[in-house]
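Next come the chains, spelled out residue by residue.
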Amino acid sequence: MEGRSKRVQFAVKRLIDVVGAAAGLCLLAPLLLVIAVLVRRDLGRPVLFRQVRPGRGGRPFTMYKFRTMRDLRDAQGRALPDAERLTPLGRLLRRFSLDELPELWNVLRGDMSLVGPRPLLMEYLPRYTPEQARRHDVRPGITGLAQVLGRNALPFSRRLALDVEYVDRFSLWLDIKILWWTLRKVPGGTLFDGAGQDVRVVDDLGLHPGDESLTWELSEGSRGRGGDRESRGAGVDAAAFAPPSAEERLRAA
């Protein structure tokens, strides 16, 4: 009976995704157009950042975001730190998560959901434990537990634990609470994590394949077309994070 209930809830979740993404794209079309024009003027072409990410079951898909950084490199051809490449417009878009709006198209296509674990890198797939890999039992999301409970400040171990917790505890009510907390935090810019995330600081699991600049060369159009890299954020002491369960924190907030 529980399995049937979950299947029904997932069906309703997909319906909500389709209706929500379609409505969002229609209602936000003027804003999307304005942002596209501003990005085109600020950064040139392409307007969108495209990168291959793993979806449900680890199947690859192309994720879309608005570009926020210039493609500036040193003499050795390595990308400069994000803080030096992030433009004022890009900082504004990130502060209010406006750079994520094109992902509504991914939701409409069925690549993503409004709520779920954030899609990470394809290169991480063979490095997950079987338990961590269960984060791919559901569609990745625009927002999720890790986003409302710490986002890029969380070390990878905690982030993946929250992703698996979401899979185990999934319910429409939990999705509603996550969406509610996302909508509460976005207007105040409290989900903004600075210029980006330094993978070396938060990768306490050894998931990243060495020099982080290499992994971004694998993405379609990321080199030589002005593509940016997803946030690498300010340094955080990973040992400082040992929060209670996501459900408890959402309930207590």
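Everything below is about the structure shown above.
Residues numbered from 1 in each chain as written. Predicted model: local features only at pLDDT ≥ 70, side-chain atom pairs only at ≥ 80, totals over all residues. Heavy atoms only, no water.

Draft legend 1. Highlighting the packing of aromatic side chains. Per the stated rule, a full pass over the model turns up 3 aromatic pairs. An angle of 10° between the planes, with centres 4.2 Å apart, marks the rings of Phe10 and Phe170 as stacked. A residue pair is termed long-range when its members are at least 10 positions apart, and Phe10 in helix H1 (residues 2-27) and Phe170 in the loop between helix H8 (156-169) and helix H9 (172-185) qualify at 160 residues. Ring centres of Tyr166 and Phe170 lie 6.1 Å apart, and the angle between their planes is 70°; this geometry places the pair in the edge-to-face category. Across this residue pair, the class does not change: Tyr166 and Phe170 are buried. One aromatic cluster is present, formed by Phe10, Tyr166 and Phe170 through successive ring pairs. (Phe/Tyr/Trp six-rings, centres within 6.5 Å; stacked < 30°, edge-to-face > 60°. Helix = DSSP H or I, 4+ residues; strand = E, 2+ residues; numbered from the N terminus. Buried < 20%, exposed > 50% of the residue type's maximum accessible area, 1.4 Å probe, protein only.)

Draft legend 2. Focus on a nonpolar patch on the surface. A grouping of Val8, Val12 and Ile16 is seen on the molecular surface, where their side chains present a nonpolar patch of about 220 Å² in accessible area. Secondary-structure assignment places Val12 in helix H1. (Patch = residues over 30% accessible without salt bridge, like charges linked within 9 Å, V, L, I, M, F, W, Y side chains within 5 Å. Areas by Shrake-Rupley, 256 points an atom, 1.4 Å probe, with all protein chains shown as cover. Salt bridge = Lys/Arg side-chain N within 4 Å of Asp/Glu carboxyl O.)

Draft legend 3. Quick look at the pattern of salt bridges. Taken as a whole and assessed by the stated rule, the structure comprises 11 salt bridges. Two residues, Arg70 and Asp42, come together in a salt bridge whose shortest N-O distance is 3.8 Å. Placement of Arg70 in the loop between strand S2 (60-66) and helix H3 (82-85) and of Asp42 in helix H2 (residues 29-43) is noted, with a sequence separation of 28 residues between them. Overall, the relative accessible area of 23% leaves Asp42 in the partly exposed class. For Arg134, the salt bridge identified is with Glu131, shortest N-O distance 3.0 Å. Exposure remark for Glu131: the relative accessible area of 44% places this residue in the partly exposed category. In this structure, a network of salt bridges that share partners links the residues Lys65, Asp99, Glu100, Glu103 and Arg118.

Draft legend 4. Unusual backbone geometry, seen in detail. Backbone torsion omega between Arg45 and Pro46 reads -5°, so that peptide bond is classified as cis. With respect to the secondary-structure elements, Pro46 resides in the loop between H2 and strand S1 (48-54). Phi angles above zero are rare outside glycine, and Ser97 is one such case at about 55°. By secondary structure assignment, the location of Ser97 is in the loop between helix H4 (88-95) and helix H5 (103-109). On the basis of relative accessible area, Ser97 is assigned to the buried category, the value being 14%.

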